[in-house]
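What follows is each chain in one-letter form.
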Amino acid sequence: MLRLLASGCARGPGPGVGARPVSGLCHPGLRQSRQASDAPRNQPPSPELVARSVGVCSMMRLPVQTSPEGLDAAFIGVPLDTGTSNRPGARFGPRRIREESVMLRTVNPSTGALPFQSLTVADLGDVNVNLYNLQDSCRRIQEAYEKIVAAGCIPLTLGGDHTITYPILQAMAKKHGPVGLLHVDAHTDTADEALGEKLYHGAPFRRCVDEGLLDCKRVAQIGIRGYSTTLDPYRYNRSQGFRVVLAEDCWMKSLVPLMAEVRQQMGGKPIYISFDIDALDPAYAPGTGTPEIAGLTPGQALEIIRGCQGLNVVGCDLVEVSPPYDLSGNTALLAANLLFEMLCALPKVTTV
(Lines give C-alpha, C1' and ligand atoms only; values in the text may rest on other atoms or scores of the structure.)
Protein backbone atom coordinates (compact mmCIF):
# COMPACT_ATOMS: atom_id res chain seq x y z
CA MET A 1 0.00 0.00 0.00
CA LEU A 2 2.67 2.48 1.00
CA ARG A 3 6.24 2.86 -0.18
CA LEU A 4 8.59 3.43 2.73
CA LEU A 5 11.28 6.08 2.74
CA ALA A 6 13.77 3.76 4.36
CA SER A 7 14.19 0.20 5.49
CA GLY A 8 15.05 0.91 9.09
CA CYS A 9 14.02 3.08 11.99
CA ALA A 10 14.96 3.86 15.55
CA ARG A 11 12.72 4.03 18.57
CA GLY A 12 12.98 7.27 20.49
CA PRO A 13 14.88 7.05 23.74
CA GLY A 14 13.00 6.80 26.99
CA PRO A 15 13.79 8.96 30.01
CA GLY A 16 17.49 8.87 30.73
CA VAL A 17 18.15 6.30 28.03
CA GLY A 18 20.33 6.85 24.95
CA ALA A 19 18.99 5.96 21.52
CA ARG A 20 19.62 2.42 20.39
CA PRO A 21 19.33 1.00 16.88
CA VAL A 22 16.46 -1.38 16.13
CA SER A 23 16.69 -3.82 13.27
CA GLY A 24 13.84 -4.22 10.81
CA LEU A 25 11.19 -1.76 9.72
CA CYS A 26 9.92 -0.78 13.11
CA HIS A 27 9.81 -1.73 16.75
CA PRO A 28 7.83 -4.98 17.03
CA GLY A 29 5.52 -3.47 19.64
CA LEU A 30 4.09 -1.14 17.00
CA ARG A 31 2.30 -4.00 15.29
CA GLN A 32 -0.02 -4.60 18.23
CA SER A 33 -3.63 -3.58 17.61
CA ARG A 34 -3.40 -0.80 20.21
CA GLN A 35 -0.84 -0.05 22.89
CA ALA A 36 -1.88 -0.14 26.51
CA SER A 37 -2.28 3.32 28.03
CA ASP A 38 0.68 2.81 30.38
CA ALA A 39 2.96 1.29 27.72
CA PRO A 40 5.81 3.40 26.28
CA ARG A 41 4.86 5.23 23.11
CA ASN A 42 6.95 6.31 20.15
CA GLN A 43 9.01 9.39 20.96
CA PRO A 44 11.10 11.45 18.57
CA PRO A 45 14.72 11.24 19.77
CA SER A 46 15.93 14.18 21.81
CA PRO A 47 18.60 16.34 20.13
CA GLU A 48 20.35 16.28 23.53
CA LEU A 49 20.98 12.55 23.03
CA VAL A 50 20.95 12.04 19.25
CA ALA A 51 22.38 14.56 16.77
CA ARG A 52 19.80 16.01 14.42
CA SER A 53 21.79 14.85 11.41
CA VAL A 54 21.58 11.22 12.59
CA GLY A 55 18.81 8.82 11.59
CA VAL A 56 16.42 8.02 8.78
CA CYS A 57 14.58 10.84 7.02
CA SER A 58 11.18 10.35 8.63
CA MET A 59 8.82 12.96 10.01
CA MET A 60 10.33 14.10 13.31
CA ARG A 61 12.59 11.01 13.07
CA LEU A 62 9.68 8.87 14.21
CA PRO A 63 9.69 5.13 13.51
CA VAL A 64 8.75 4.17 9.96
CA GLN A 65 6.30 1.33 9.50
CA THR A 66 4.23 -0.17 6.72
CA SER A 67 0.93 -0.71 8.53
CA PRO A 68 -1.40 1.72 10.32
CA GLU A 69 -2.40 -1.00 12.78
CA GLY A 70 -1.70 0.05 16.35
CA LEU A 71 -1.39 3.73 15.51
CA ASP A 72 -3.60 6.57 16.70
CA ALA A 73 -2.16 8.97 14.11
CA ALA A 74 0.42 8.83 11.34
CA PHE A 75 2.28 11.08 8.95
CA ILE A 76 1.95 10.06 5.30
CA GLY A 77 3.58 11.58 2.23
CA VAL A 78 1.81 11.97 -1.10
CA PRO A 79 4.56 13.12 -3.50
CA LEU A 80 2.35 14.15 -6.41
CA ASP A 81 2.31 17.35 -8.47
CA THR A 82 0.77 16.16 -11.73
CA GLY A 83 -2.27 18.35 -11.05
CA THR A 84 -0.25 21.56 -10.78
CA SER A 85 -1.26 24.47 -13.02
CA ASN A 86 1.80 26.70 -12.56
CA ARG A 87 5.18 26.03 -10.97
CA PRO A 88 5.83 22.31 -10.35
CA GLY A 89 7.91 20.70 -7.61
CA ALA A 90 5.38 19.77 -4.92
CA ARG A 91 6.22 16.11 -5.52
CA PHE A 92 9.39 16.85 -3.53
CA GLY A 93 7.46 18.50 -0.70
CA PRO A 94 7.07 15.48 1.61
CA ARG A 95 10.79 14.69 1.57
CA ARG A 96 11.81 18.31 2.25
CA ILE A 97 9.27 18.73 5.05
CA ARG A 98 10.62 15.59 6.69
CA GLU A 99 14.15 16.95 6.44
CA GLU A 100 13.19 20.21 8.16
CA SER A 101 11.14 18.42 10.83
CA VAL A 102 14.34 17.49 12.69
CA MET A 103 14.02 20.93 14.29
CA LEU A 104 10.79 19.99 16.05
CA ARG A 105 10.50 18.78 19.64
CA THR A 106 7.93 16.70 21.46
CA VAL A 107 5.95 19.14 23.63
CA ASN A 108 4.00 22.29 22.79
CA PRO A 109 4.44 24.67 25.75
CA SER A 110 2.21 27.32 24.16
CA THR A 111 -0.86 25.06 24.18
CA GLY A 112 0.22 22.56 26.83
CA ALA A 113 -0.22 19.71 24.32
CA LEU A 114 1.61 16.43 24.92
CA PRO A 115 0.95 14.54 21.67
CA PHE A 116 3.52 11.80 22.08
CA GLN A 117 2.40 11.03 25.60
CA SER A 118 -1.20 10.78 24.39
CA LEU A 119 -1.04 9.06 21.00
CA THR A 120 0.97 6.35 19.27
CA VAL A 121 2.38 8.02 16.16
CA ALA A 122 4.66 6.86 13.33
CA ASP A 123 5.58 7.72 9.75
CA LEU A 124 3.89 5.48 7.16
CA GLY A 125 6.12 6.53 4.30
CA ASP A 126 4.70 7.63 0.94
CA VAL A 127 1.75 6.56 -1.18
CA ASN A 128 3.18 5.01 -4.34
CA VAL A 129 1.62 7.46 -6.80
CA ASN A 130 1.68 7.20 -10.58
CA LEU A 131 3.28 10.41 -11.88
CA TYR A 132 2.15 9.64 -15.42
CA ASN A 133 -1.56 9.19 -14.65
CA LEU A 134 -3.48 11.55 -12.34
CA GLN A 135 -6.63 9.42 -12.29
CA ASP A 136 -4.65 6.33 -11.32
CA SER A 137 -2.81 8.30 -8.63
CA CYS A 138 -6.12 9.38 -7.13
CA ARG A 139 -7.28 5.76 -7.09
CA ARG A 140 -4.10 4.70 -5.31
CA ILE A 141 -4.43 7.51 -2.77
CA GLN A 142 -8.06 6.68 -2.02
CA GLU A 143 -7.29 2.98 -1.54
CA ALA A 144 -4.34 3.71 0.74
CA TYR A 145 -6.34 6.10 2.91
CA GLU A 146 -9.32 3.77 3.16
CA LYS A 147 -7.00 1.26 4.85
CA ILE A 148 -5.52 3.92 7.12
CA VAL A 149 -8.83 5.29 8.39
CA ALA A 150 -10.34 1.79 8.67
CA ALA A 151 -7.56 0.99 11.16
CA GLY A 152 -8.66 3.90 13.37
CA CYS A 153 -5.56 5.93 12.49
CA ILE A 154 -5.84 9.69 11.88
CA PRO A 155 -3.75 10.67 8.83
CA LEU A 156 -1.61 13.82 8.75
CA THR A 157 -0.61 14.23 5.11
CA LEU A 158 2.47 15.85 3.61
CA GLY A 159 1.70 16.99 0.05
CA GLY A 160 1.89 17.08 -2.87
CA ASP A 161 -0.38 19.45 -4.77
CA HIS A 162 -3.95 20.10 -3.65
CA THR A 163 -5.43 17.50 -5.99
CA ILE A 164 -4.58 14.89 -3.37
CA THR A 165 -7.21 16.14 -0.92
CA TYR A 166 -10.02 14.93 -3.21
CA PRO A 167 -9.22 11.18 -3.02
CA ILE A 168 -8.37 11.55 0.68
CA LEU A 169 -11.83 13.00 1.32
CA GLN A 170 -13.34 10.15 -0.69
CA ALA A 171 -11.78 7.79 1.85
CA MET A 172 -12.86 9.99 4.77
CA ALA A 173 -16.47 10.13 3.63
CA LYS A 174 -16.58 6.37 3.16
CA LYS A 175 -16.00 6.00 6.90
CA HIS A 176 -17.49 9.16 8.39
CA GLY A 177 -20.05 10.29 5.83
CA PRO A 178 -19.93 13.92 4.62
CA VAL A 179 -17.38 15.79 6.72
CA GLY A 180 -16.88 19.40 7.69
CA LEU A 181 -13.89 21.17 6.15
CA LEU A 182 -11.54 23.84 7.41
CA HIS A 183 -9.76 24.94 4.26
CA VAL A 184 -6.92 27.45 4.64
CA ASP A 185 -5.74 28.67 1.24
CA ALA A 186 -5.22 31.63 -1.06
CA HIS A 187 -7.60 29.97 -3.55
CA THR A 188 -11.02 28.36 -3.19
CA ASP A 189 -10.05 25.36 -5.38
CA THR A 190 -13.62 25.05 -6.61
CA ALA A 191 -13.08 25.66 -10.33
CA ASP A 192 -15.08 23.36 -12.55
CA GLU A 193 -12.41 22.58 -15.15
CA ALA A 194 -9.28 23.82 -16.89
CA LEU A 195 -7.99 22.87 -20.33
CA GLY A 196 -10.96 20.52 -20.55
CA GLU A 197 -9.92 18.60 -17.41
CA LYS A 198 -12.02 18.37 -14.25
CA LEU A 199 -9.28 16.89 -12.07
CA TYR A 200 -6.41 19.19 -11.08
CA HIS A 201 -5.32 21.20 -8.06
CA GLY A 202 -7.77 24.03 -8.71
CA ALA A 203 -10.85 21.80 -8.54
CA PRO A 204 -10.67 19.26 -5.67
CA PHE A 205 -13.44 20.77 -3.58
CA ARG A 206 -15.77 21.16 -6.59
CA ARG A 207 -15.39 17.43 -7.16
CA CYS A 208 -16.02 16.81 -3.46
CA VAL A 209 -19.28 18.79 -3.64
CA ASP A 210 -20.29 16.90 -6.78
CA GLU A 211 -19.89 13.60 -4.93
CA GLY A 212 -21.48 14.68 -1.65
CA LEU A 213 -18.28 14.27 0.35
CA LEU A 214 -18.66 17.56 2.26
CA ASP A 215 -21.17 18.78 4.81
CA CYS A 216 -21.37 22.11 3.02
CA LYS A 217 -22.88 24.04 5.92
CA ARG A 218 -19.73 23.14 7.86
CA VAL A 219 -17.15 24.36 5.36
CA ALA A 220 -14.97 27.38 6.17
CA GLN A 221 -12.38 28.76 3.76
CA ILE A 222 -9.87 31.21 5.25
CA GLY A 223 -7.19 33.36 3.61
CA ILE A 224 -8.81 33.58 0.17
CA ARG A 225 -7.45 36.30 -2.09
CA GLY A 226 -6.01 37.15 -5.50
CA TYR A 227 -7.25 38.51 -8.79
CA SER A 228 -9.98 36.86 -10.80
CA THR A 229 -11.68 36.69 -14.18
CA THR A 230 -15.02 37.78 -12.66
CA LEU A 231 -16.13 40.35 -10.09
CA ASP A 232 -17.85 37.71 -7.95
CA PRO A 233 -15.47 34.74 -7.89
CA TYR A 234 -16.95 33.31 -4.67
CA ARG A 235 -20.58 33.01 -5.81
CA TYR A 236 -20.41 29.24 -6.25
CA ASN A 237 -18.87 28.68 -2.82
CA ARG A 238 -21.39 30.82 -0.97
CA SER A 239 -24.26 29.29 -2.92
CA GLN A 240 -23.18 25.91 -1.53
CA GLY A 241 -23.23 27.26 2.03
CA PHE A 242 -19.47 27.70 2.46
CA ARG A 243 -18.17 30.41 4.75
CA VAL A 244 -15.55 32.35 2.75
CA VAL A 245 -13.16 34.54 4.78
CA LEU A 246 -11.05 36.79 2.58
CA ALA A 247 -7.43 37.48 3.50
CA GLU A 248 -8.10 41.23 3.55
CA ASP A 249 -10.65 40.65 6.30
CA CYS A 250 -7.84 39.06 8.33
CA TRP A 251 -5.20 41.76 7.87
CA MET A 252 -3.78 43.17 11.11
CA LYS A 253 -6.13 41.04 13.23
CA SER A 254 -5.98 38.20 15.68
CA LEU A 255 -7.98 35.26 14.29
CA VAL A 256 -8.91 33.92 17.72
CA PRO A 257 -12.43 35.46 17.54
CA LEU A 258 -12.91 34.04 14.03
CA MET A 259 -11.95 30.56 15.18
CA ALA A 260 -14.46 30.75 18.04
CA GLU A 261 -17.13 31.23 15.35
CA VAL A 262 -15.68 28.42 13.23
CA ARG A 263 -15.79 26.04 16.20
CA GLN A 264 -19.48 26.82 16.61
CA GLN A 265 -20.04 26.23 12.90
CA MET A 266 -18.27 22.85 12.97
CA GLY A 267 -19.88 21.51 16.16
CA GLY A 268 -18.97 18.02 17.31
CA LYS A 269 -19.18 16.22 13.96
CA PRO A 270 -16.11 15.04 11.99
CA ILE A 271 -13.99 17.78 10.44
CA TYR A 272 -11.03 17.63 8.05
CA ILE A 273 -8.29 20.31 7.95
CA SER A 274 -6.71 21.11 4.58
CA PHE A 275 -3.94 23.72 4.69
CA ASP A 276 -2.37 25.02 1.49
CA ILE A 277 0.93 26.70 2.32
CA ASP A 278 0.11 29.48 -0.15
CA ALA A 279 -2.45 30.76 2.36
CA LEU A 280 0.57 32.42 3.93
CA ASP A 281 2.13 35.49 2.43
CA PRO A 282 5.00 34.58 0.09
CA ALA A 283 7.29 36.67 2.26
CA TYR A 284 7.02 33.79 4.75
CA ALA A 285 6.38 30.90 2.36
CA PRO A 286 7.88 31.57 -1.08
CA GLY A 287 8.33 27.89 -1.93
CA THR A 288 4.97 27.17 -3.49
CA GLY A 289 3.47 26.83 -6.94
CA THR A 290 0.89 29.63 -7.03
CA PRO A 291 1.93 32.39 -4.61
CA GLU A 292 -0.40 35.34 -3.93
CA ILE A 293 0.65 38.56 -2.24
CA ALA A 294 -0.86 39.93 0.98
CA GLY A 295 -1.55 36.64 2.71
CA LEU A 296 -1.76 35.39 6.27
CA THR A 297 1.10 35.49 8.76
CA PRO A 298 2.61 32.46 10.54
CA GLY A 299 1.09 33.75 13.78
CA GLN A 300 -2.37 33.73 12.22
CA ALA A 301 -1.74 30.22 10.91
CA LEU A 302 -1.02 29.08 14.47
CA GLU A 303 -4.18 30.78 15.71
CA ILE A 304 -6.23 28.92 13.10
CA ILE A 305 -4.81 25.48 13.89
CA ARG A 306 -4.80 25.98 17.66
CA GLY A 307 -8.38 27.15 17.35
CA CYS A 308 -9.28 23.60 16.25
CA GLN A 309 -8.53 22.12 19.66
CA GLY A 310 -11.65 20.40 20.93
CA LEU A 311 -13.05 19.71 17.46
CA ASN A 312 -13.56 16.19 16.09
CA VAL A 313 -10.62 16.32 13.67
CA VAL A 314 -10.45 13.11 11.62
CA GLY A 315 -7.61 14.06 9.27
CA CYS A 316 -5.33 16.87 8.13
CA ASP A 317 -3.09 17.79 5.25
CA LEU A 318 -0.44 20.38 4.42
CA VAL A 319 0.00 20.80 0.68
CA GLU A 320 1.73 22.74 -2.11
CA VAL A 321 5.25 23.05 -0.68
CA SER A 322 7.55 23.25 -3.73
CA PRO A 323 11.21 22.90 -2.68
CA PRO A 324 12.70 24.17 -5.97
CA TYR A 325 11.29 27.60 -5.04
CA ASP A 326 12.26 27.26 -1.37
CA LEU A 327 16.01 27.82 -1.49
CA SER A 328 16.38 28.56 2.23
CA GLY A 329 14.09 25.73 3.36
CA ASN A 330 11.94 28.20 5.34
CA THR A 331 8.71 27.15 3.60
CA ALA A 332 9.27 23.49 4.42
CA LEU A 333 10.27 24.36 7.99
CA LEU A 334 7.07 26.34 8.41
CA ALA A 335 5.09 23.42 6.95
CA ALA A 336 6.69 20.97 9.39
CA ASN A 337 5.77 23.22 12.31
CA LEU A 338 2.16 23.53 11.12
CA LEU A 339 1.87 19.74 10.82
CA PHE A 340 3.13 19.39 14.38
CA GLU A 341 0.50 21.93 15.49
CA MET A 342 -2.14 19.83 13.73
CA LEU A 343 -0.94 16.77 15.61
CA CYS A 344 -1.22 18.74 18.86
CA ALA A 345 -4.82 19.70 18.02
CA LEU A 346 -6.07 16.14 17.47
CA PRO A 347 -8.72 14.62 19.74
CA LYS A 348 -7.37 12.67 22.73
CA VAL A 349 -4.20 14.74 22.93
CA THR A 350 -3.61 15.55 26.57
CA THR A 351 -3.09 19.22 27.48
CA VAL A 352 -1.75 20.51 30.76
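Residues numbered from 1 in each chain as written. Predicted model: local features only at pLDDT ≥ 70, side-chain atom pairs only at ≥ 80, totals over all residues. Heavy atoms only, no water.

The name an unreviewed UniProt entry gives the chain is Guanidino acid hydrolase, mitochondrial, with Papio anubis as the organism. One UniProt comment on the chain, placed under Pathway (unreviewed entry), says "Nitrogen metabolism; urea cycle; L-ornithine and urea from L-arginine: step 1/1." In its Sequence similarities (unreviewed entry) section, UniProt records this for the chain: "Belongs to the arginase family. Agmatinase subfamily." (UniProt positions renumbered as here; feature names shortened; annotations may be inferred.)

A short note on the UniProt feature "binding site: Mn(2+)" (unreviewed entry) in the chain
As annotated in UniProt, the feature "binding site: Mn(2+)" (unreviewed entry) corresponds to His162, Asp185, His187, Asp189, Asp276 and Asp278 in the numbering used here. The greatest C-alpha distance among the annotated residues, which extend across 117 residues, is 12.1 Å, indicating that they converge on a single site. Cross-referencing the annotated residues with the lining of the largest pocket gives His162, His187, Asp189, Asp276 and Asp278. In this structure, His162 sits in the loop between β7 (154–159) and α4 (165–176). Residue classification places His162 among the buried positions, given a relative accessible area of 0%. With residues up to four places along the chain from it excluded, the contact list for His162 reads His183, Asp185, Asp189, His201, Pro204, Phe205, Ser274, Asp276, Asp317, Val319 and Glu320. By relative accessible area, which is 8% here, Asp189 ends up buried. What Asp189 contacts, discounting residues up to four positions off in sequence, is His162, His183, His201, Gly202, Ala203, Pro204, Phe205, Arg206 and Asp276. Within the structure, Asp189 has its side chain in polar contact with the side chain of His162 (distance 2.9 Å). (1 Å grid on protein atoms, 1.4 Å probe; cavity = no way out; pocket = protein on both sides within 12 Å on 5 of 7 lines; lining within 4 Å. Helix = DSSP H or I, 4+ residues; strand = E, 2+ residues; numbered from the N terminus. Buried < 20%, exposed > 50% of the residue type's maximum accessible area, 1.4 Å probe, protein only. Contact = heavy atoms within 4.5 Å. Polar contact = N/O pair within 3.5 Å; in protein donor to acceptor, adjacent residues only side chain to side chain.)

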